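Coordinate inspection notes
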Amino acid sequence: MSTTMADLEATPSASTVRVVDQHIVEIVSDSGEGAQTCGQMFADLVARNGNGIWTVEIIPAEIEPPSRSRAGASGNRIRLGSNPVTNAGDHADIVVALNEQVLYSRIDAGALHPGTIVFVDRTWAEHPDDEIRRRYQEAIEDFRRRGYTVIEAPIEAQCRQHTDDPRKGKNMWALGLLCAIYDLDAATVRENISRRFSRKGDAAIEKNLALFADGYDWTLANVQQRFRVPAHKHAQPMVVMNGNQALALGIMAAGIEVCSMYPITPATSASHFLANALQEAGGFVHQAEDEIAAIGFAIGCSYAGKTAVTITSGPGLALKTEFLGYAVMAEVPLVVIVVQRGGPSTGLPTKIEQGDLLAALYASPGDSPKIIIAPATIEECFHFVVTARRLAEDFRGPVMILSDANLATGQQPFPKPQLQSSWLAPPVEQAAWDQSVPPFAWDPETGLSRRPIPGQRGGEYVLTGLAHDEASHVAYESAINQKSMEMRSRKLAVLKSALHPPQVHGSAEGDLLVVGWGSTLGCIEEAVDQLRGEGHRVSSLHLRFLSPMEPGLKKIFERFRKVLTVEVNYSDPADAAFITPESRRYSQLSQLLRSQTLIDIDCWSQVPGSPIPPSRIVAELRRRLEMLRQES
Amino acid sequence: MSGLRQEWEAEAPPRNCTLQDYQGVPARWCPGCGDHAVLNAVQQVARDKQLPPEKTVVVSGIGCSSRFPHYMKTYGFHGLHGRAFPVACGVRSRRPDLHMFVVTGDGDCCAIGTAHWIHTIRYNMDLTILLLDNNIYGLTKNQTSPTTRTGERSNTHPRGNVLPPLNPLSVTLGVTNASFVAQTIDWNPPHLYSTIRAAYEHKGTSFVRILQRCPHFTSHVFAAVQHDMSQVLLLTHDDGIPLEPSMQRLFPNRAAHDPHQLAAARAVAERDDVYPVGLLYRDERAARYDLQTSQGLGKSQAEKMAATEKWLSRYEI
């Protein structure tokens with residue numbers, strides 16, 4: 001926890017306001033009690049205020065888990081800062097829990113530490129059930145032993161003054177509590193509440209306003225702890241959304257008219273968004289009978305000169321690989337989005353992992369060179385779709401976007417994109433095709449070619465996944481096969497030649513270079529910044545292009561004593577039983593980098609099912625730096 | 001043009017596509033393969049309906065019959081084993097202007113592609129599906145297919161197929177929203193032609209099972225039927241497949257069958273004493289998914305951007 005106490009000021013009441021540059025708040029409840037609504041509204045308020053935020057959804061695995069159970073915790077983590085926030089951070093500073101059992105689920109997840117301020121609804125202390133009262137009291141004592149600052153708040157009792165169904169009202173009371181603690185403008189909150197409940201009528205608005213005001217007033221009167229996270233008003237229009245919403249809006253902005261999908265966690269919420277929105281833009285979401293049909297349908301659209309995307313997660317990617325190979329072989333432009341989750345097999349459906357890089361790269365029969373890019377921020381989730389569509393058409397083949405569950409559900413503000421009409425340009429013109437030009441007129445240097453589409457007179461041809469010549473005629477001759485493989489591969493080298501070397505975060509030389517990809521950007525850079533602040537010679541580099549990779553890596557790597565990838569996927573710990581330098585299985589990016597650069601790149605990767613918090617990266621990097629110090 | 005008499009200044013002569021305009025590279029199926037007859041019939045239908053070759057798309061999967069697109073001089077998509085249907089649906093979803101045929105085989109459709117077969121029938125997009133059913137895997141050399149008869153020997157069941165064959169007609173007729181189901185034979189060109197033509201003219205998914213001879217592996221299977229046409233039951237009806245007088249002579253067994261009666265169609269499909277030939281079922285009112293998916297094609301770029309901007313603005317802070 002890097003909270004710094006910058007200042008102390010007196011307030012009209014006896015309490016003091018601590019000014020901090022960042023803070024982490026969690027609100028958790030049973031599923032159905034609205035903690036997520038409270039968290040979202042709080043996040044929205046602070047983002048509007050000009051604070052940087054990163055939010056994480058806390059989601060139970062079941063739709064209606066039993067109440068007061070650890071597995072049933074539902075809610076949000078909101079990290080707010082004076083500056084842009086790039087990750088969910090480490091330990092929570094404040095947790096509001098509507099019962100003590102859901103709080104345990106956060107303790108189990110390592111979300112708290114001694115000093116965390118915990119608000120617990122004390123209604124359970126007066127519950128008619130002896131067992132519930134006993135468990136509550138034991139928990140409160142346990143929380144105090146653990147070093148948390150426990151504040152028992154009469155949440156339900158206060159709510160009963162305003163509603164007969166406090167289960168549906170505690171979240172607004174909690175919002176009032178948080179707004180009082182962080183000194184947010186109550187008038188703005190009241191406007192938001194009125195807007196949010198406008199469809200439910202005036203009575204609902206009044207009730208929620210009353211619940212909010214009660215929580216706000218109770219806190220002002222009873223809670224000493226107050227914080228302020230100074231905010232800077234944004235200079236430009238900002239949007240705040242999660243990565244799946246950004247992908248979905250990117251799909252629309254890119255002029256993609258068909259999203260062909262099969263339900264799979266954690267990718268599906270993007271399609272939920274599009275099911276309504278894409279229709280208004282003239283397109284539609286096709287819910288296919290399976291993952292294979294979903295990509296086949298998208299390929300059919302693209303072959304017919306239309307723009308399509310298919311979106312899935314790891315197990316779906318496994319099923320799509322035959323068609324992916326077809327799109328490579330037959331050179332069909334296609335955007336394929338993979339929102340990664342924990343594997344192997346069905347693995348951890350709602351949890352983050354970066355385990356599908358090698359599957360994306362290699363899981364097709366034969367040699368199937370394809371473009372793979374990975375957004376590292378929510379903002380990039382939006383813009384990379386536009387890039388992917390363009391690349392798919394220019395390089396005539398599939399482009400994969402690897403997102404993950406962390407980006408999918410995390411929210412971050414970013415400058416509102418200015419939509420461009422050029423992003424929507426139709427993929428091909430419908431004019432007649434010059435009959436003397438074959439459908440695969442590969443440029444001998446670049447391998448690039450233009451494609452005719454059905455409707456273009458003179459361009460009639462048969463697309464095939466079999467080996468074929470320039471005319472798309474089935475051809476098993478050795479020379480033709482050799483050449484066509486070369487042409488499809490050449491395209492990646494051509495793309496690579498157009499890319500810039502990646503920027504190093506920190507100094508261009510030093511002891512240790514950390515290399516990452518995807519959603520770990522914020523955690524890695526925060527860890528590196530902290531260590532650099534302590535004088536360590538450590539830098540980091542983040543790859544957005546994974547196939548082909550950005551150029552110049554070897555030169556960059558050679559200026560560091562050691563290169564280490566940090567990834568959320570599996571690798572053998574170097575010192576485990578039976579593990580030798582020869583038998584050790586490396587993390588996915590490090591395998592690729594080792595083979596590409598012939599440098600002895602090391603890896604540190606973990607599969608916790610959650611983002612690796614900056615503190616853990618700091619600890620590991622410290623260990624590595626110490627090892628380097630001892631070596632020299 | 002100046003100097004020409006007024007009446008000579010006609011527009012360019014209307015385009016007249018001949019059979020050659022639909023003929024791709026020479027077909028390389030075995031001599032005597034029933035696929036040749038189907039290819040001829042499709043080309044004749046295309047010519048008689050004057051389908052512009054550039055607006056015609058033939059989609060197939062993998063197998064002997066799936067080589068079909070290569071032998072047409074139209075646009076074609078020779079895809080993956082079992083996956084012709086989703087590709088064809090994708091093409092059709094945004095291209096109501098195209099004329100589409102899907103060619104599949106008994107392995108392609110009834111084994112590896114079964115899920116797509118069921119759902120494509122249910123989607124009822126405007127597609128003409130031709131199932132070239134020779135009761136065997138030919139391209140991979142003589143393996144049992146789902147429609148192989150009980151007891152037939154193959155490389156995978158050298159002691160004979162132990163299971164009863166799957167009935168593609170009754171399966172298709174069991175799918176909700178089926179809209180056109182017919183059966184024909186490759187060795188009667190007029191009936192083959194009339195059936196494919198009727199299927200093409202149907203708006204929605206038309207499913208035509210064609211009993212197709214494989215001279216190499218299953219020549220005995222349909223030879224008996226070919227030589228004893230009493231094993232075939234010709235379905236007749238004013239709303240059925242149009243019949244030439246010659247057919248009346250060739251088919252000694254005939255039965256009137258109203259193609260609008262689903263229960264009767266299912267009963268005919270399940271007969272195991274004869275092969276019913278003709279139109280089993282037609283429902284022009286079945287819901288069509290492609291009418292949904294092609295909505296919005298006319299939206300301008302400005303409209304699309306406005307819609308995107310509207311949704312993007314919801315996230316503005």
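Residue numbers restart at each chain and count upward from 1, following the sequence in its written direction. Chains and ligands are labelled sequentially in the order written, the chains with letters from A and the ligands with numbers from 1. Restriction of local features to residues with pLDDT of at least 70 applies here, the model being predicted, together with a cutoff of 80 or more for giving and counting side-chain atom pairs; totals for whole chains, interfaces and linings are based on all residues. Heavy atoms throughout the structure, all of them, feed into the side-chain values; hydrogens and water do not.

1. Thoughts on the interface of chain B and chain A
Cut-off, in case you're wondering: The criterion used for residue contact is that any of the two residues' heavy atoms lie within 4.5 Å. By buried area we mean the combined loss of accessible area, with a 1.4 Å probe, across both parts when two parts are placed together. When a carboxyl oxygen of Asp or Glu is within 4 Å of a side-chain nitrogen of Lys or Arg, the pair counts as a salt bridge. Secondary structure counts use DSSP, requiring at least four H or I residues in a row for a helix and at least two E residues in a row for a strand, with both numbered from the N terminus. Ten residue types, Ala, Val, Leu, Ile, Met, Phe, Trp, Tyr, Cys and Pro, are classed as nonpolar, four, Asp, Glu, Lys and Arg, as charged, and the remainder, Gly among them, as polar. Pairing between two strands requires that DSSP report at least two bridges joining them.
Opposite the 51 residues of chain B that make contact, chain A presents 71 residues. Taking both partners together, chain B and chain A bury about 5100 Å²; carbon and sulfur atoms supply 64% of that area. Area buried by chain B at its contact with chain A is led by B:Tyr75, B:Tyr315 and B:Ile317, which between them contribute 17% of it. In this structure, the connection of chain B to chain A is made through 4 salt bridges. B:Lys310 is the salt-bridge partner of A:Glu280, the closest N and O atoms lying 2.7 Å from each other. If you list the elements that add at least two residues to the side of chain B that touches chain A, you get strand E2 (75-78), helix H2 (84-94), helix H4 (114-123), helix H10 (289-293) and helix H11 (301-313) of chain B. Top contributing element to the side of chain B that touches chain A by residue count: H11(B), with 10 residues. Split by residue class, the side of chain B that touches chain A holds 23 nonpolar, 16 polar and 12 charged. Strand direction decides the pairing type here: strand E18 (residues 462-464) of chain A and E2(B), joined by 3 bridges, are parallel. Within E2(B), the residue paired with A:Thr464 across the bridge is B:His78.

2. Some thoughts on helix H2 (residues 100-108) of chain A
Residues and elements named next belong to chain A. To keep it simple, the criterion reads: For each residue, the accessible area found with a 1.4 Å probe, counting protein chains only, is set against the maximum for its type, and the residue is called buried under 20%, exposed over 50%, and partly exposed in between. Polar contact is the term for a pair of N or O atoms within 3.5 Å; when the atoms are in protein, one must be able to donate a hydrogen and the other to accept it, and sequence-neighboring residues count only if both atoms are side-chain atoms.
By the criterion of burial, H2 is predominantly enclosed, with 8 of the 9 residues buried. Residues of H2 that are buried: Glu100, Gln101, Val102, Leu103, Tyr104, Ser105, Arg106 and Ile107. On its buried face, H2 is in contact with strand E3 (22-29), strand E4 (52-58), strand E5 (74-81), strand E6 (94-97), strand E7 (117-121) and helix H3 (130-145). For H2, the capping residue at the N-terminal end is Asn99, with a side-chain oxygen 2.9 Å from the backbone nitrogen of Gln101. Just downstream of H2 lies Gly110, where phi reads positive at about 75°.

3. With respect to the environment of B:Asp239
All names here are of chain B. In this fold, Asp239 is placed in the loop between strand E9 (232-236) and helix H8 (245-250). Taking C-alpha positions, Asp239 is 7.5 Å from Asp258, a pair spaced 19 residues apart along the chain. Ignoring sequence-local partners within four residues, the contact set of Asp239 consists of Pro259, His260, Leu279 and Arg282.

4. Side note on the pairing of strand E17 (residues 411-415) of chain A
All names here are of chain A. Within E17, 4 of the 5 residues are buried, leaving the element largely enclosed by the surrounding structure. Relative to E17, strand E10 (residues 238-242) is paired through 5 bridges, and the arrangement is antiparallel. In the strand pairing of E17, Met241 is matched with Gln412.

5. Topic: the sheet that holds strand E11 (residues 275-282) of chain B
The criterion, for reference: Think of each axis as a best-fit line through the C-alpha atoms, taken over the contacting stretch in the case of a helix, with angles from 0 to 180 degrees between the N-to-C directions.
On the basis of which strands lie adjacent, the open sheet formed by 10 strands has the order E18(A)-E2(B)-E1(B)-E3(B)-E4(B)-E8(B)-E7(B)-E11(B)-E9(B)-E10(B) and mixed pairing. The sheet terminates laterally at E18 of chain A together with strand E10 (254-256) of chain B, the two strands that pair on one side only. With strand direction ignored, the average angle separating the axes of adjacent strands in the sheet is 20°. Docked against the sheet, helix H6 (residues 189-201) of chain B engages strand E3 (99-105), strand E4 (127-133), strand E7 (180-185), strand E8 (205-211), E9 and E11 of chain B, running at close to 165° with respect to E7(B).

6. Describing the environment of A:Pro426
You can see A:Pro426 is positioned in the loop between E17 and E18. Along the sequence, A:Pro426 and A:Gly255 sit 171 residues apart, while their C-alpha atoms lie 8.0 Å from each other. In contact with A:Pro426, not counting residues within four places along its chain, are A:Arg389 and B:Gln301.

7. Considering the pairing of strand E20 (residues 510-517) of chain A
Residues and elements named next belong to chain A. Short version of the rule: Consider the strands pointing away from the viewer: the crossover is right-handed when the path from the first strand over the helix to the second runs clockwise.
With respect to burial, E20 is a largely interior element, 8 of its 8 residues being buried. Across 5 bridges, E20 lies against strand E23 (residues 560-567) in parallel orientation. Paired with Val515 across the strands is Thr565, a residue of E23. By the bridge criterion, 6 bridges tie E20 to strand E21 (residues 538-543) in an arrangement that is parallel. Directly across from Trp517, in E21, lies its bridge partner Leu543. With respect to chirality, the unit in which E20 leads through helix H16 (residues 521-533) into the neighbouring parallel E21 is right-handed.

8. Some remarks on the side chain of B:Asp283
Residue and element names in this part refer to chain B. Turning to its location among the elements, Asp283 is positioned in the loop between E11 and H10. Relative accessible area serves as the criterion here: at 15%, Asp283 is assigned to the buried category. Ignoring any residue separated from it by four or fewer positions in sequence, one finds Asp283 in contact with Ala178, Ser179 and His202.

9. Comments concerning the packing of H16(A) against helix H19 (residues 614-631) of chain A
Residue and element names in this part refer to chain A. Test applied: Roughly parallel here means an angle under 35 degrees, roughly antiparallel means over 145, roughly perpendicular means 65 to 115, and every remaining angle is called oblique. What makes a crossing left-handed is the near helix being turned counterclockwise from the far one by less than a right angle; a clockwise turn instead makes it right-handed.
One can describe the packing of H16 onto H19 by two numbers: an axis separation of 8 Å at closest approach and a directional angle of 50°. On the basis of their axis angle, the class for H16 and H19 is oblique. Crossing geometry of H16 relative to H19 is assigned as right-handed. Residues Cys523, Ile524, Glu526, Ala527, Val528, Gln530 and Leu531 of H16 form the contact with H19, whose own contacting residues are Pro614, Ile617, Val618, Leu621, Arg622 and Leu625. The class makeup of the residues in the contact of H16 with H19 is 10 nonpolar, 1 polar and 2 charged.

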